[in-house]
Protein chains: 2
Amino acid sequence: MTRFRFYTATTLDGFIADEHDSLDWLLDQPIDESGALNYTDFIGDIGALVMGATTYQWVLDHNESTGESWSYTQPTWVFTHRDLAPVTDDVRIVSGSPTDFRQELVDAAGKKDVWIVGGGDLAAQFAAAGMLDEVIVSIAPVTLGAGRPLFTKAYDLELREFDRNKAFLCARYDVVGPRPTR
Amino acid sequence: MTRFRFYTATTLDGFIADEHDSLDWLLDQPIDESGALNYTDFIGDIGALVMGATTYQWVLDHNESTGESWSYTQPTWVFTHRDLAPVTDDVRIVSGSPTDFRQELVDAAGKKDVWIVGGGDLAAQFAAAGMLDEVIVSIAPVTLGAGRPLFTKAYDLELREFDRNKAFLCARYDVVGPRPTR
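Fair warning: this is a prediction, and the values are worked out from it, not measured in the lab.

Digging into the pattern of salt bridges
Between side chains of opposite charge, a pair can form as their charged atoms come close. All names here are of chain A. In total, this model carries 22 salt bridges over all chains according to the counting rule given. Of the charged contacts in the structure, one is a salt bridge between Arg172 and Glu134, with a shortest N-O distance of 3.1 Å. Note that Arg172 is positioned in strand E11 (residues 168-178) and Glu134 in strand E7 (residues 134-140), a separation of 38 residues in sequence. With relative accessibility at 19%, the residue Arg172 sits in the buried group. Because the salt bridges share partners, they merge into one network encompassing Arg3, Arg5, Asp45, Asp113, Glu134, Glu161 and Arg172.

Here is the structure:
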């Protein structure tokens, strides 16, 4: 069954980008690409991608600065209220709730899973819609003190797997459910 | 040589207390008191404590609600600009920079270490004063989305040790230094 998986790097203090949406703190960290919870294995299980506008724009800007082109082979849904252009035919710019797109995403993923790329608020919206099964984090040995949040809602998780990958502490969690409000 | 060590529980998204300074999310988590990076072993290495006013007040309130008395046998420095009363003779209410109290803390710790109990801003002030050697976190399988920050400055760390302790992912980091500003 298709799982919805939030796979991301984060700082120890829970930021997935700095206040300027930079990943400088991340990109200079050593990682073993065949090590624990590595991206290559992960992306092999993924049939569809979901991301927010800031993440999408970051990828486009990053590609522009490096001369790379859009590298994802999976169909991608960009959730946004902004007026953005799809960079390839495999990118759909959409607005609405995650639920509106559940069947479409599940169908697109086929026997594989859906990767919620980020940001943290979109991942939390998916969780609130009952569409988040896993949170997989690569925790960089960094604090930022401020930045873009890993997650924006109160949830209980369960630790399922962990290991070191070079500089990173990597962990996979099942999403248990929203924490009861006080 | 005396080390300055920030030992704390945190949520996966980097909060050490919720917005109401509650630890409800923490206190219902299973932990093995003789397991990885456990408190008993840690506190045995500690000769002096440092905490901020909010942490101090939390301990007092917690003790009042449970009927416990102040349990720390080590001398404790409470850094605050508030007008607080020391609960025992072993508590000193102080204001000023960490540097002003370095020698006093080192002398009090003797051959042992100084525990920076919290909060995250006080730990970051100690780091900025060059008085933070280690960050040791017990990461609860919880997100809060908002609350009291684990740390308030941008620092590089280095992962030295990690393991699971029941619900928690525990990790010990050396403090490398402040991250270069952009």
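Focus on the sheet that holds strand E8 (residues 142-143) of chain B
Reading across the sheet, the nine strands line up as E5(A)-E4(A)-E3(A)-E6(A)-E1(A)-E7(A)-E11(A)-E10(A)-E8(B) and stay open at both edges, with mixed pairing between neighbours. Both edges of this open sheet fall to strand E5 (91-94) of chain A together with E8 of chain B, since each of them pairs with a single strand only. Relative to strand E6 (residues 113-118) of chain A, strand E1 (residues 4-11) of chain A runs parallel, the two being bridged by three bridges. Its bridge partner lying in E6 of chain A, Phe4 of chain A is registered against Val114 of chain A.

Some thoughts on the relation of the copies chain B and chain A
Note on the chain copies: they are related by a rotation about an axis and a translation along it. In screw terms, the move from chain B to chain A is a rotation of 180° and a rise of 0.0 Å along the axis, fitting with an RMSD of 0.0 Å. Such a combination of turn and shift is consistent with a two-fold rotation axis. When C-alpha distances to the rotation axis are compared across chain B, the minimum falls at Gly14 of chain B, with a value of 2.3 Å. Of the interface residues in chain B, 100% have counterparts in chain A that sit at the interface too, so the contact is made through matching surfaces.

Quick look at the interface of chain B and chain A
Facing 37 residues of chain B, the contacting portion of chain A comprises 37 residues. Both sides together, the interface formed by chain B and chain A hides about 3000 Å², and carbon and sulfur atoms give 59% of it. Taken together, chain B and chain A are joined by zero salt bridges. At the junction of chain B with chain A, the criterion picks out eight residue pairs in polar contact (both at pLDDT 80 or more). The residue inventory of the side of chain B that touches chain A, partitioned by class, reads 20 nonpolar, six polar and 11 charged. As paired elements, strand E10 (residues 155-165) of chain A and E8 of chain B share two bridges and run antiparallel to each other. Residue pairing for E8 of chain B: Asp156 of chain A is matched across the bridge by Val142 of chain B.

Some points on the pairing of strand E1 (residues 4-11) of chain B
Residue and element names in this part refer to chain B. E1 sits mainly inside the fold: eight of its eight residues count as buried. Of the two faces of E1, the one holding Phe4, Phe6, Thr8 and Thr10 and the one holding Arg5, Tyr7, Ala9 and Thr11 are both buried throughout. As defined by bridge partners, E1 adjoins strand E7 (residues 134-140) across seven bridges and the pair is classed as parallel. Each bridged residue has a counterpart across the sheet, and for Phe6 the counterpart in E7 is Val135.

Some words on the packing of aromatic side chains
Residue and element names in this part refer to chain A. Tallied over the full model, the rule gives 26 aromatic pairs over all chains. Aromatic pair Trp70 and Tyr72: ring centres 5.2 Å apart, planes at 75°, arrangement edge-to-face. Each member of the pair, Trp70 as well as Tyr72, is classed as buried. Taking 6.0 Å as the distance between ring centres and 80° as the angle between the ring planes, the aromatic pair formed by Tyr72 and Trp115 counts as edge-to-face. Of this pair, Tyr72 sits in the loop between helix H3 (53-66) and strand E4 (76-79) while Trp115 sits in strand E6, and the two are 43 residues apart along the sequence. Here Tyr72 and Trp115 have matching classes, each one buried. Following the ring pairs from residue to residue traces out a cluster consisting of Tyr7, Tyr39, Phe42, Tyr56, Trp70, Tyr72 and Trp115. Over the aromatic face of Trp77 sits the side chain of Arg92, whose NZ or CZ is 4.6 Å from the ring centroid.

A closer look at the confidence of the model for chain A
When pLDDT is averaged across chain A, the result is 97; 99% of the residues are at 70 or more. Both confidence scores are given for the complex: pTM 0.97, ipTM 0.97.

Some words on the sheet that holds E1 of chain B
If you walk across this open sheet you meet the nine strands as E8(A)-E10(B)-E11(B)-E7(B)-E1(B)-E6(B)-E3(B)-E4(B)-E5(B), and the pairing is mixed. Pairing within the sheet leaves two strands with one partner each, and these edge strands are strand E8 (142-143) of chain A together with strand E5 (91-94) of chain B. Examined bridge by bridge, strand E3 (residues 46-52) of chain B and strand E4 (residues 76-79) of chain B share four bridges and lie parallel to one another. Bridging across to E4 of chain B, Met51 of chain B finds its partner in Val78 of chain B. Running over the sheet, helix H3 (residues 53-66) of chain B touches E3, E4, E5 and strand E6 (113-118) of chain B and is turned about 105° from E3 of chain B. Strand contacts of helix H4 (residues 102-109) of chain B: E1, E3, E4 and E6 of chain B, with the helix running at about 140° to E3 of chain B, the strand carrying the most contacts.

Rules used in this analysis
- Residues numbered from 1 in each chain as written.
- Chains lettered and ligands numbered in written order.
- Predicted model: local features only at pLDDT ≥ 70, side-chain atom pairs only at ≥ 80, totals over all residues.
- Heavy atoms only, no water.
- Salt bridge = Lys/Arg side-chain N within 4 Å of Asp/Glu carboxyl O.
- Helix = DSSP H or I, 4+ residues; strand = E, 2+ residues; numbered from the N terminus.
- Buried < 20%, exposed > 50% of the residue type's maximum accessible area, 1.4 Å probe, protein only.
- Pairing = 2+ DSSP bridges.
- Least-squares fit on C-alpha atoms with pLDDT ≥ 70 in both.
- Contact = heavy atoms within 4.5 Å.
- Buried area = accessible area lost by both parts, 1.4 Å probe.
- Polar contact = N/O pair within 3.5 Å; in protein donor to acceptor, adjacent residues only side chain to side chain.
- Nonpolar A, V, L, I, M, F, W, Y, C, P; charged D, E, K, R; others polar.
- Phe/Tyr/Trp six-rings, centres within 6.5 Å; stacked < 30°, edge-to-face > 60°.
- Lys NZ or Arg CZ within 6 Å of the ring centre and 35° of its normal.
- pLDDT = per-residue confidence, 0-100.
- Axes fitted to C-alpha atoms, helices over the stretch in contact; angles between N-to-C directions.

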